[in-house]
There are 2 protein chains.
Amino acid sequence: MTDLFERTKALFEIPEGVIYLDGNSLGPLARAAKERLAREVAENWGGQLIRAWNTAGWIDLPARIGNRIGALIGAPEGSVIAADSTSVNLFKALTAALSLTGERKVILSDSGNFPSDLYIAEGVIRTLDKGHRLKIVAPEEVEAAIDETVAVLMLTEVDYATGRLHDMKALTAKAKAAGVVTIWDLAHSAGALPVDLSGAGADFAIGCGYKYLNGGPGAPAFIYVRPELQDKIRPSLSGWLGHEAPFLFDLDYRPGPSIDRMRAGTPPILSMTALDAGLSAWDGVDIHAVRERSIALCDLFIKEVEARCPDLVLASPRDGSRRGSQVSFRHPQGYAVMQALIANNVIGDFRAPDIIRFGFTPLYIGFEETVAAAEVLEKVIKEKLWDCPEFLKKSKVT
Amino acid sequence: MTDLFERTKALFEIPEGVIYLDGNSLGPLARAAKERLAREVAENWGGQLIRAWNTAGWIDLPARIGNRIGALIGAPEGSVIAADSTSVNLFKALTAALSLTGERKVILSDSGNFPSDLYIAEGVIRTLDKGHRLKIVAPEEVEAAIDETVAVLMLTEVDYATGRLHDMKALTAKAKAAGVVTIWDLAHSAGALPVDLSGAGADFAIGCGYKYLNGGPGAPAFIYVRPELQDKIRPSLSGWLGHEAPFLFDLDYRPGPSIDRMRAGTPPILSMTALDAGLSAWDGVDIHAVRERSIALCDLFIKEVEARCPDLVLASPRDGSRRGSQVSFRHPQGYAVMQALIANNVIGDFRAPDIIRFGFTPLYIGFEETVAAAEVLEKVIKEKLWDCPEFLKKSKVT
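All of these numbers come straight from a predicted model, not from anything done at the bench. (Residues numbered from 1 in each chain as written. Chains lettered and ligands numbered in written order. Predicted model: local features only at pLDDT ≥ 70, side-chain atom pairs only at ≥ 80, totals over all residues. Heavy atoms only, no water.)

By convention, interface size is frequently given as the accessible area that disappears when the constituent parts associate. Counting residues at the interface gives 85 residues for chain B, matched by 86 residues for chain A. Together, the buried faces of chain B and chain A total about 7500 Å²; carbon and sulfur atoms form 68% of this surface. When the area that chain B buries against chain A is broken down by residue, the three leading residues are Trp45, Ile50 and Tyr119 of chain B, summing to 11%. Connecting chain B to chain A are four salt bridges. A salt bridge links Lys130 of chain B to Asp129 of chain A, with the shortest nitrogen-to-oxygen separation between them at 2.7 Å. At the junction of chain B with chain A, the criterion picks out 29 residue pairs in polar contact (both at pLDDT 80 or more). Every element with two or more residues in the side of chain B that touches chain A is listed here: strand 3 (29–30), helix 2 (31–48), helix 3 (52–55), helix 5 (86–98), helix 6 (115–128) and helix 11 (269–279) of chain B. (Contact = heavy atoms within 4.5 Å. Buried area = accessible area lost by both parts, 1.4 Å probe. Salt bridge = Lys/Arg side-chain N within 4 Å of Asp/Glu carboxyl O. Polar contact = N/O pair within 3.5 Å; in protein donor to acceptor, adjacent residues only side chain to side chain. Helix = DSSP H or I, 4+ residues; strand = E, 2+ residues; numbered from the N terminus.)

Below, the structure is given as structure tokens:
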């Protein structure tokens, strides 16, 4: 197994001396992405020009990338497409879901959902103007809140702040039994842990290309629709590349077959090709092996940090099976602590109001870096390196 | 003036021997984009990692690009943002427009609009489910159809197929007088001819980054909202980067100031940086000088082709002031003719059912290439090079 992760680590370019624990925010540069982008730009854009839509296969890239991602999240071929941003894909999924749910009015979510998901739901409700309402409960109250009044259950599997992991299978099963349509946001799941959309019977899923999938800054996102539902949906964002025959230029919209209809406009090809190349790091990698090592790395980090920094309060579940691929701690000066860590070459991130967050990504992070990061954190806390005005003047890390 | 265009031509990499008359579909590679992308990838993604959102200014890129585009379309600072695709931006604009138009139900457009715009309107109507209807008239009937029953006038200024140019100023004035909200699609206008959104009093505009703006394949699009309207709109696609304070991670959506609220999710940064670099070709270039030369190039091409190929029927307005920056002809075997042209290094494109289309882009196309293209077209037609089965077997040029 060590051989596997030595091999994958060599696929990425990480600056010398940097311990990068923020791959859950932006995955690092894969060498393949660098090479691929240079080639796409020079040979295809520069050399093939418009012809590259066919000769370089740009037109099919969203479907090919979708299938690569699908293989990591338990989705069959032809059920995932790479497109747009996570927020825009959630809009597509939620409007589609609400077209299936008749008179029910409640969209159930939780306070651990990523805020953009809640904002999108608010925008959908306001736009549809049909009396839907967003019911936000605490994460631990979600299961009890699923009942026959609920139209859609919309959750992020792994909490972006704490790493708390929902039980997708159990919640989806309960939702199904109550006739509730499910939408799962896999932003912190895809590439972080095994996901089984088919096995769980999830109706829709969306997720992000630039975190654990290493697709580059703002990489295109993805959307999954359960195969049985695909033909029942007419997309709200009915753009030309979701049309059955875009190049006939008919004046009437006819949705394309299967997941194709979830495409809208022309995709940002340069960002798409970087995502496609970044995904190649997963070739031959068993996500279960990644999960096993991720839990071991996170467990080790918790143990090391708690032994060294008793002031820090663990914000993540202690039980690895209930946690995503990150560890979060609380500190009242969390923002300044993270600035001091970054100044000392340990890069994690801060999430308001008081969370410092560390992502563990076995493809390129091992046990040595994990212990070394805990050592730097100890130094930052014990020597109060964070209590230094110049850190606070710096602009906010996102 | 020749000096200006010699200078701008040197900014692009076009393969030796190719006459590229398809910059209205995909602008060619700007050298600046190639260099910029290599640097963004190696230094910022690779070296700065997550920090690049601040250190490389990624977070403000959509606004900075928006202002660059704004300068080409008569839009004041802070009224344009680069984001998403043209289709998705039209969805934002149309839902916003319909939130301002009370009980009126008609969305007026024309049969010369780009089909994706009509498809998006259909999706908006279906999604809102409030009895709106799309009224599609012939381009020359638009003016007479503007009356007080119309909610929104939604037009593309330059017809993608024929190049016919609407009179934005007159139509917008008539719409305004009738209380109609206007949305202009500038896909074939921005960078092709002078646009004066402010002067015309247009309410919304959208457009494309990958045609005359040379932003690269599938480059992000843009959206303009008239400054006086910006604060009256709550976006349908209310994603986190349109929030007043995205990094506070509040559970409630509060729209950001001015045009910022038209951002939705995380933007595809690699594609954004290529667009930003492509736009630098416009530095110091007067769009009126470009327009003057574009008309001269198109006039010359029409004259040369008509003299050489009497079988071809002009599909574009003969009067340069009524035409965008392209020339289209009809031929019953248009698809095969275009394949034969491309095989002979003259790249234009085909639009179903019978249009061959040539874009003239003074930044990198001059009079010599224009005459040379007409000569190749003459050869293709006279020698029936298109009447060769192998061209028909090739996959469709998009």
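Under the counting rule described, the total for this entry stands at zero disulfides over all chains. Looking at Cys208 of chain A, it has no disulfide partner, and the nearest cysteine sulfur is the one in Cys298 of chain A, 18 Å off. (Disulfide = S-S within 2.5 Å.)

Further remarks concern the nonpolar core. By size, the foremost hydrophobic cluster in this structure holds 236 residues, and its most contacted members are Ile73 and Leu377 of chain A together with Ile73 and Leu377 of chain B. With residues near it in sequence (within four places) discarded, Leu377 of chain A still touches Phe301, Val305, Cys309, Leu312, Val337, Leu341, Ile356 and Phe358 of chain A. Ranked by size, the runner-up nonpolar core spans 64 residues in total, among them Leu229 of chain A together with Leu90, Ile107 and Ala264 of chain B. (Core = buried A, V, L, I, M, F, W, Y, C linked by side-chain atoms within 4.5 Å. Buried < 20%, exposed > 50% of the residue type's maximum accessible area, 1.4 Å probe, protein only.)

So, on to the pairing of strand 7 (residues 150–156) of chain B. Residue and element names in this part refer to chain B. The buried fraction of strand 7 is high, at seven of seven residues. Relative to strand 7, strand 5 (residues 106–110) runs parallel, the two sharing three bridges. Across the sheet, residue Ile107 finds its bridge partner in strand 7, namely Val152. Bridge count between strand 7 and strand 8 (residues 181–185): five bridges; the pairing is parallel. The residue of strand 8 that forms the bridge with Met154 is Ile183. Each parallel crossover has a hand, and for strand 7 linked through helix 8 (residues 168–177) to strand 8 it is right-handed. (Pairing = 2+ DSSP bridges. Right-handed = clockwise from strand over helix to strand, strands pointing away.)

This part covers helix 2 of chain B. All names here are of chain B. For helix 2, which comprises 18 residues, the first-to-last C-alpha distance of 24 Å matches the rise-based estimate of 26 Å (1.5 Å per residue) to within 8%. Of all the residues in helix 2, the buried ones are Ala33, Arg36, Leu37, Glu40, Val41, Asn44, Trp45 and Gly46. Looking one or two places after helix 2, you find Leu49, whose phi comes out positive at around 50°. (Expected span 1.5 Å × (residues − 1).)

Turning our eyes to something else, we now look at the confidence of the model for chain A. Here chain A shows a mean pLDDT of 95. Residues at 70 or above account for 97%. Between residues 392–398 of chain A, whose pLDDT stays under 50, and residues either more than four places distant or in other chains, the model counts 22 contacts. (pLDDT = per-residue confidence, 0-100.)

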